[in-house]
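So you can see what is in the structure, the chains are spelled out below.
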Amino acid sequence: MIALDKQVQVVDHPLVQHLLTKIRDYQTAPHKFRRYAISLSEHLVYEACRAMKTREVGVETPVGPAKGVSMTDYVILAPVLRAGLVMAEAAQHLLPAARIYHVGLKRDEETLEAKSYYAKLPDSLPNDCRVFVLDPMLATGGSAVAAIDLFKKMKVENIHLVSFVAAPEGIKKVHSVYNDVHITCASVDEKLNEKGYIVPGLGDAGDRIFGT
Ligand code: PRP
Ligand code: URA
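Here's what I pulled together on the structure shown here. (Residues numbered from 1 in each chain as written. Chains lettered and ligands numbered in written order. Predicted model: local features only at pLDDT ≥ 70, side-chain atom pairs only at ≥ 80, totals over all residues. Heavy atoms only, no water.)

Time to look at the site of ligand 2. Lining the immediate environment of ligand 2, one finds Arg107, Met137, Ala139, Gly196, Tyr197, Ile198, Gly203, Asp204 and Ala205. Between an oxygen atom of ligand 2 and a main-chain N or O atom of Ile198, the distance comes to 2.8 Å. Gly203 places a polar main-chain atom, nitrogen or oxygen, 2.8 Å from a nitrogen atom of ligand 2. When the free accessible area of ligand 2 is taken as 240 Å², the share hidden by the protein chains comes to 88%. When atoms are counted within 2 Å of each cavity's grid points, the one that captures over half of ligand 2 is the largest pocket. Of the residues belonging to the shell around ligand 2, the class tally is 5 nonpolar, 2 polar and 2 charged. (Near = heavy atom within 4 Å. Polar contact = N/O pair within 3.5 Å; in protein donor to acceptor, adjacent residues only side chain to side chain. Areas by Shrake-Rupley, 256 points an atom, 1.4 Å probe, with all protein chains shown as cover. 1 Å grid on protein atoms, 1.4 Å probe; cavity = no way out; pocket = protein on both sides within 12 Å on 5 of 7 lines; lining within 4 Å. Sits in = over half its atoms within 2 Å of the grid points. Nonpolar A, V, L, I, M, F, W, Y, C, P; charged D, E, K, R; others polar.)

On to the environment of Tyr46, then. Positionally, Tyr46 belongs in helix 2 (residues 30-48). Since its relative accessible area comes to 53%, Tyr46 is described here as exposed. Placed 86 residues apart in sequence, Tyr46 and Phe132 show a C-alpha to C-alpha distance of 11 Å. (Helix = DSSP H or I, 4+ residues; strand = E, 2+ residues; numbered from the N terminus. Buried < 20%, exposed > 50% of the residue type's maximum accessible area, 1.4 Å probe, protein only.)

Where burial is concerned, most of strand 11 (residues 158-162) is hidden: 4 out of the 5 residues are buried. Two elements, strand 9 (residues 130-134) and strand 11, share 5 bridges in a ladder whose sense is parallel. The residue bridging Arg130 from the neighbouring strand is Asn158, located in strand 11. Looking at chain direction, strand 11 and strand 13 (residues 182-185) are connected through 3 bridges and run parallel. (Pairing = 2+ DSSP bridges.)

Counting buried positions over the 11 residues of helix 4 (residues 142-152) gives 8, a clear majority of the element. For helix 4, the full list of buried residues reads Gly142, Ser143, Ala144, Val145, Ala147, Ile148, Phe151 and Lys152.

As a further point, take the site of ligand 1. Residues in contact with ligand 1 amount to 16 residues; listed here are only the nearest, Arg107, Asp135, Thr140, Gly141 and Ser143. Note that an oxygen atom of ligand 1 is positioned 2.9 Å from one of the side-chain N or O atoms of Arg82. Arg107 has a polar backbone atom sitting 2.7 Å from an oxygen atom of ligand 1. Protein contacts shield 95% of the accessible area of ligand 1, which totals 500 Å² for the unbound molecule. Structurally, ligand 1 is housed in the largest pocket. Within the residue set of the shell around ligand 1, elements represented by two or more residues are strand 5 (75-81), strand 7 (103-107), strand 10 (137-138) and helix 4. Counting residues per element, the shell around ligand 1 draws most heavily on strand 7, at 3 residues. For the shell around ligand 1, a count of residues per class yields 7 nonpolar, 4 polar and 5 charged.

Moving on: the layout of surface pockets. Here the largest pocket is characterised by a volume of approximately 610 Å³. Elements supplying a minimum of two residues to the lining of the largest pocket: strand 5, strand 7, strand 10, helix 4 and helix 6 (205-210). Looking at the lining of the largest pocket residue by residue, the classes come out as 14 nonpolar, 7 polar and 8 charged. (Points joined across faces, edges and corners; volume = space filled by probe spheres on them.)

Moving on to the packing of aromatic side chains. One pass over the structure, following the stated rule, counts 0 aromatic pairs. It is Arg35 that lies over the ring of Tyr36; its NZ or CZ is 5.4 Å from the centre. Of note, Arg107 hangs over the ring of Tyr197, and the distance from its end group to the ring centre comes to 5.7 Å. (Phe/Tyr/Trp six-rings, centres within 6.5 Å; stacked < 30°, edge-to-face > 60°. Lys NZ or Arg CZ within 6 Å of the ring centre and 35° of its normal.)

Before going further, it helps to examine the packing of helix 2 against helix 3 (residues 84-94). Between helix 2 and helix 3, whose axes approach to 8 Å, the crossing angle comes to 50°. Viewed along their axes, helix 2 and helix 3 adopt a mutual orientation that is oblique. By crossing handedness, the relation of helix 2 to helix 3 is classed as right-handed. From helix 2, Arg34, Ala37, Ile38, Ser41, Glu42, Val45 and Tyr46 reach across to helix 3, where they touch Val86, Met87, Glu89, Ala90, Ala91, His93 and Leu94. (Axes fitted to C-alpha atoms, helices over the stretch in contact; angles between N-to-C directions. Parallel < 35°, antiparallel > 145°, perpendicular 65-115°, else oblique. Left-handed = near helix turned anticlockwise from the far one by under 90°. Contact = heavy atoms within 4.5 Å.)

In structure tokens:
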């Protein structure tokens, strides 16, 4: 794992980089893209979980007592629609007890501003809960900041953003607003192009996942 700084982790595991290469390939069809994206998400969420708290517990094996741990965090998965849905499916395999709050955001293709169209959150959340915002693409950072805003307004302190690919512009934007947000990704790419796409990126994640 490469830690670009304390808050940004790039997972350089060969399996992660292999899966990333598969989904970057423009020839990868949607049904394969989804399969690779689910595996990639599992690996990235797994890494993002390193910060989770545990408490010591005792356990009886068939042979005798052993020391173990139990995860204590109240975990929330916040997939950003649409593309984040594939990541939520994967994250649920690892964290089956997590609550899932969907966040609907759509980037305006002209202004690149993220517009909210759905957010169904509870009236309150435990302050010490841990939120994983799941969005494959961190481009301008507008969508990520809008999603994080929802939880910051509810006084959540531990927020992780998990993305496949991040642009330097997006990381800068997120950390200019919330410098305590942890970012886990498989790559920090070169830049954004004039249309706000990550270069080289992987194209439009939502379109590639859903074949639209
Ligand atoms: C894409 C992507 C992110 C967002 C990133 O979603 O999945 O949510 O763009 O861009 P930003 O960092 O510049 O905000 P999009 O708005 O295209 O919606 P979709 O997933 O429904 O296609
Ligand atoms: N959203 C995407 O899906 N891809 C990009 O490169 C940028 C934003």
